[in-house]
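# Structural features, examined
Take a look at the letters that make up each chain.
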Amino acid sequence: MPENASEVTAAGIARLAGVGRAAVSNWRRRHPDFPKPVGGTETSPSFALADVEHWLRTQGKLAEVPLRERVWQQLADHPATIATALVQAGCALLLVRERPTSWQELAALSDERMGELLPTALERTLTARFGEDRAPLLHRLNGPHGPGGHPVSASVPLLRSVAELALELGPRHTYEFLLGRFLDVNLRQYTLTPPGPAALMVDIAAIGAGATVLDPAVGAGNLLCAAAADTGKAAPAALYAQDLDPDLTALTALRLALLGDAAIRARSADTLRTDAFPDATVDAVLCHPPFNERNWGHDELAYDPRWEYGFPARTESELAWVQHALARLRPGGTAVLLMPPAAASRRSGRRIRAGLLRRSALRAVIALPAGAAPPYGIPLHLWVLRKPEPARAPAPELLFVDTAELAGTGGGRDKLDWQAVHNAVLDAWHRFGDPTSAPPPADRGGVGRAVPVIELLDDDVDLAPARHVPPAASGADADDLLLVRGRLTDTLRLTAELTPAPAVTGQPAPWPATTLGELARAGALTIRAGSVPATAVAGTVLGTVQPAPGVPVATASLVLTEQDVLTGSPPSGPLPEQPSDQAATTEGNVEPVRVEAGDVVVPVLGGGSVVRVVDETTAGAALGRNLQLLRPDPAALDPWFLAGFLRATANTRQASSYASTATRLDVRRLQLPRISLADQHRYGERFRALSTFEDALRLAGRLGEQLVQGLYDGLTQGTVRPE
């Protein structure tokens, strides 16, 4: 159920109070006076917002509802649909951005008078910005639009609040926040292209000043936003956008208009069946098309002139999008499409792939690591296409790039070293375009290889990069393996020296115990919840962060993720960029929690017993989601003593609760013995030694795996002899 001005979910309460959802669940259990649910479901109840605000203030957990939360609640409780209300808010923000004096004059009037004059002012702004494509936006301003329609003249209170938030964040960032929250509420409905792949696609296309760019499956506009914002040059001259969803098309048009000054042409229609720009020729096409569509128009479009390279089979909707992109390019223009890996090898598409190769329309196939973009479970491909020029001979080679080996250790999108992927792909692409470069792509084992087209035109025309790129050097050289063996031997010797032995066995100690919740109330420690996502949210890019004094910039721009804590790794998550005119906030929440040396970090999901004490190298990183930070008062608690007792199996078991799909740890229920600070230090030193031993075991495991795999590779490649 959407969080709105009258009702709010547990997630909304957590945002209001600046805590994690586990804290809200704890309040419901521990406080009999916590407001009772008034709606929703048993697993996702909703509460009366007024009652929740009163309770939070009474408990001293809320001084004032943040402005951005109040604006979102107004928008979500609007009589129109959220999408219509957001379109109206975006139009008002565009007026604030482009004609601030006109807005100020309108804002000085009464609500009734402002409602009378506002439609005319907005129509002028939309006409100047969108021209003939303004009609869908005007339709949402001037009258009902489907169920729950609402004219903009009745939305004045909402628009005043939106403009007030724009004074704090700026019009663009205000709209990005509201649109991001809308997309988050409807997460399963939309497929969003993450910032990393979007920026890479833009860099491959080399979009320059004055270019025209088309996205025929624009969605929320992440690709066109990257094209307009991240070229490092002057902005493109025009952005063309088409999407099947009329609401999303309108929202994206406003997003692009608030981003820069490029001409915006956004239209809603089924791209393959009804091309909204049939006469357009653009410099670049960027597209993340829908995958595996059977009902894409196969029966109606058999004689469509776009099928220059062959009529796509019913199961090859992606190859229909490829040919649509080529049809809209000018000669020499570049298209970059995010494709499923099956499109490179399905037999039903081999004739079209062969046609693309023969005419040099397909220039590169780039395999991304799994986790780069949705669907995150498979390694997607980038296809780089170029519209053939009549006077130019076909290129003799196709570039293959395989970045699977560049995935971060541990796997998963949270561990993906995206900067390494980005740099490797661009390096191979630029070398491919410059034959005089050294080393050429063919020599870059494990990353890129230029393959003669004639070698690919067999019965299968299989263009999967993994089948054509030689494996990277795997450390299978005998000298390298000897070094690994030496490190492993030293590490195993260290683990033998560090192996602890129990000093005395006896009866369990009859310590008096206390809970972390009681210690927090007494001021002996502070409990904070992490809220920063492990990866940048849709529509954001990584930016510079001003660190605290003494904190390295590299650490200040990273997030300590749940996976980092579980594997004992350094902080690895990128911190989303924040507007330059506000404090660094995340998704409408309070300032990200920064870890300090001596903090104890505990994952709250999974029911495990993993705890991490923050050292100087990790200090300054932002605390990620699903993590709880415990900051002990050094005069009352030793951090290593705290961390050690929190790892006790019985302790975590009694503090865990069980949902349908996961186990959640309530850190406030974790227990500590009441002993003197001197005794805490004694236990803390022993727990620190155990942690050092655990780190050595973990390193030995990694070195052992590296040695074993290296020997397998060396023996099979011939670089290591059986003797």
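Cut-offs used in this document
- Residues numbered from 1 in each chain as written.
- Predicted model: local features only at pLDDT ≥ 70, side-chain atom pairs only at ≥ 80, totals over all residues.
- Heavy atoms only, no water.
- Helix = DSSP H or I, 4+ residues; strand = E, 2+ residues; numbered from the N terminus.
- Buried < 20%, exposed > 50% of the residue type's maximum accessible area, 1.4 Å probe, protein only.
- Pairing = 2+ DSSP bridges.
- Axes fitted to C-alpha atoms, helices over the stretch in contact; angles between N-to-C directions.
- Parallel < 35°, antiparallel > 145°, perpendicular 65-115°, else oblique.
- Left-handed = near helix turned anticlockwise from the far one by under 90°.
- Contact = heavy atoms within 4.5 Å.
- Core = buried A, V, L, I, M, F, W, Y, C linked by side-chain atoms within 4.5 Å.
- pLDDT = per-residue confidence, 0-100.
- Salt bridge = Lys/Arg side-chain N within 4 Å of Asp/Glu carboxyl O.
- Right-handed = clockwise from strand over helix to strand, strands pointing away.
- Nonpolar A, V, L, I, M, F, W, Y, C, P; charged D, E, K, R; others polar.
- Phe/Tyr/Trp six-rings, centres within 6.5 Å; stacked < 30°, edge-to-face > 60°.
- Lys NZ or Arg CZ within 6 Å of the ring centre and 35° of its normal.

- The chain has the name N-6 DNA methylase in an unreviewed UniProt entry, where Streptomyces albipurpureus is given as its organism.

### Thoughts on unusual backbone geometry
- In this structure, the amide linkage connecting Pro374 to the following residue, Pro375, adopts the cis form with an omega of -5°.
- Although it is not a glycine, Ala206 sits at a positive phi angle of roughly 55°.
- Secondary-structure assignment places Ala206 in the loop between helix H11 (195–205) and strand E4 (212–215).
- In this structure Ala206 comes out as exposed when scored by relative accessible area, which is 59%.

### Concerning the sheet that holds strand E15 (residues 558–560)
- Read across the sheet, 3 strands follow the order E16-E15-E19 without closing on themselves; strand pairing throughout is mixed. Every interior strand has two partners, whereas the edge strands, strand E16 (573–574) and strand E19 (622–623), have only one.
- Note: E15 against E19, 2 bridges, orientation parallel. From the neighbouring strand, Leu560 faces E19, where its bridge partner is Leu623.

### A word on the packing of helix H5 (residues 82–98) against helix H9 (residues 156–169)
- Orientation of H5 relative to H9, taken along the N-to-C sense of each, is 50°, at an axis distance of 10 Å. Accordingly, the angle class assigned to the pair H5 and H9 is oblique. For the crossing formed where H5 meets H9, the hand is right-handed. Of H9, the residues touching H5 (which contributes Ala85, Gln88, Ala89, Ala92, Leu93 and Val96) are Leu158, Leu159, Val162, Ala163 and Ala166.

### Quick notes on the sheet that holds strand E10 (residues 381–386)
- The mixed open sheet is built from 9 strands, whose spatial order is E6-E5-E4-E7-E8-E10-E9-E11-E12. The open sheet has two free edges, formed respectively by strand E6 (263–268) and strand E12 (448–452), since each of these has just one partner strand. Adjacent strand axes in the sheet meet at a mean angle of 15° when their direction is disregarded.
- Packing of helix H12 (residues 222–229) onto the sheet brings it into contact with E4, strand E5 (238–243) and strand E7 (282–287), and relative to E4 it is tilted by some 165°.
- Lying on the sheet, helix H14 (residues 317–328) is in contact with E4, E7, strand E8 (329–339) and E10; it crosses E8 at an angle near 155°.

### Thoughts on the nonpolar core
- In this structure, Phe182, Ile204 and Leu286 are the most contacted members of the largest nonpolar core, which totals 101 residues.
- Looking at which element gives the most residues to this core, the answer is H5, with 12 residues.

### Regarding the confidence of the model for the chain
- In this model, the chain carries an average pLDDT of 84, and 86% of its residues clear a pLDDT of 70 or more.
- In this model, residues 534–549 is a region of pLDDT below 50 whose contacts with residues beyond four sequence positions or in other chains number 38 contacts.

### Notes on the pairing of E4
- Burial along E4 is two-sided: the residues Thr212 and Leu214 and Val213 and Asp215 are all buried.
- Pairing of E4 with E5 involves 4 bridges; the strand directions are parallel. Residue pairing in the sheet places Val213 in a bridge with Leu239 of E5.
- As defined by bridge partners, E4 adjoins E7 across 2 bridges and the pair is classed as parallel.

### Overview of the pattern of salt bridges
- One pass over the full model with this rule turns up 31 salt bridges.
- Between Arg330 and Asp283 there is a salt bridge; the shortest N-O distance is 2.6 Å. Note that Arg330 is positioned in strand E8 and Asp283 in strand E7, a separation of 47 residues in sequence.
- Look at Asp283 and you get partly exposed, because its relative accessible area is 23%.
- Here Arg306 and Asp304 are joined by a salt bridge, their closest N and O atoms 2.9 Å apart. We note that Arg306, like Asp304, is buried.
- If you follow the salt bridges from partner to partner, you end up with Arg97, Glu98, Arg129 and Asp261 in one network.

### Some details on the pairing of E7
- Counting buried positions along E7 gives 5 out of 6 residues, so the element sits mostly inside the fold.
- Alignment of E7 against E8, held across 5 bridges, turns out to be parallel. In the sheet register, Cys287 faces E8, and the bridge partner there is Leu337.
- Crossover connection from E7 via H14 to parallel E8: handedness right-handed.

### A closer look at the packing of helix H6 (residues 100–107) against helix H7 (residues 111–130)
- One can describe the packing of H6 onto H7 by two numbers: an axis separation of 10 Å at closest approach and a directional angle of 165°. Comparing their axes, H7 and H6 come out roughly antiparallel. Classified by chirality, the crossing of H7 by H6 is left-handed. In this structure, H6 uses Trp103, Leu106 and Ala107 to contact H7, whose residues at the interface are Met114, Leu117, Leu118 and Ala121.
- Classifying every residue of the contact of H6 with H7 by side-chain character gives 7 nonpolar, no polar and no charged.

### Structural notes on helix H1 (residues 10–17)
- Along H1, 8 of the 8 residues are buried, which leaves the element largely enclosed by surrounding structure.
- Inspection of H1 places Ala10, Ala11, Gly12, Ile13, Ala14, Arg15, Leu16 and Ala17 among the buried residues, and these make up the whole buried set.
- Those residues of H1 that are buried lie in contact with strand E1 (7–9), helix H2 (21–30), strand E3 (45–48), helix H3 (49–58), helix H4 (67–76) and helix H10 (171–185).
- Immediately beyond the C-terminal end of H1, within one or two residues, lies Gly18, with a positive phi of roughly 70°.

### What to know about the packing of aromatic side chains
- For the structure on display, the rule yields 11 aromatic pairs.
- Ring centres of Phe182 and Tyr190 lie 6.2 Å apart, and the angle between their planes is 40°; this geometry places the pair in the tilted category.
- Given a relative accessible area of 5%, Phe182 falls into the buried group.
- Members of the aromatic cluster, connected to one another through ring pairs, are Trp27, Phe34, Phe47 and Trp55.
- Positioned above the aromatic ring of Phe177 is the side chain of Arg68, whose terminal nitrogen or guanidinium carbon lies 5.2 Å from the ring centre.

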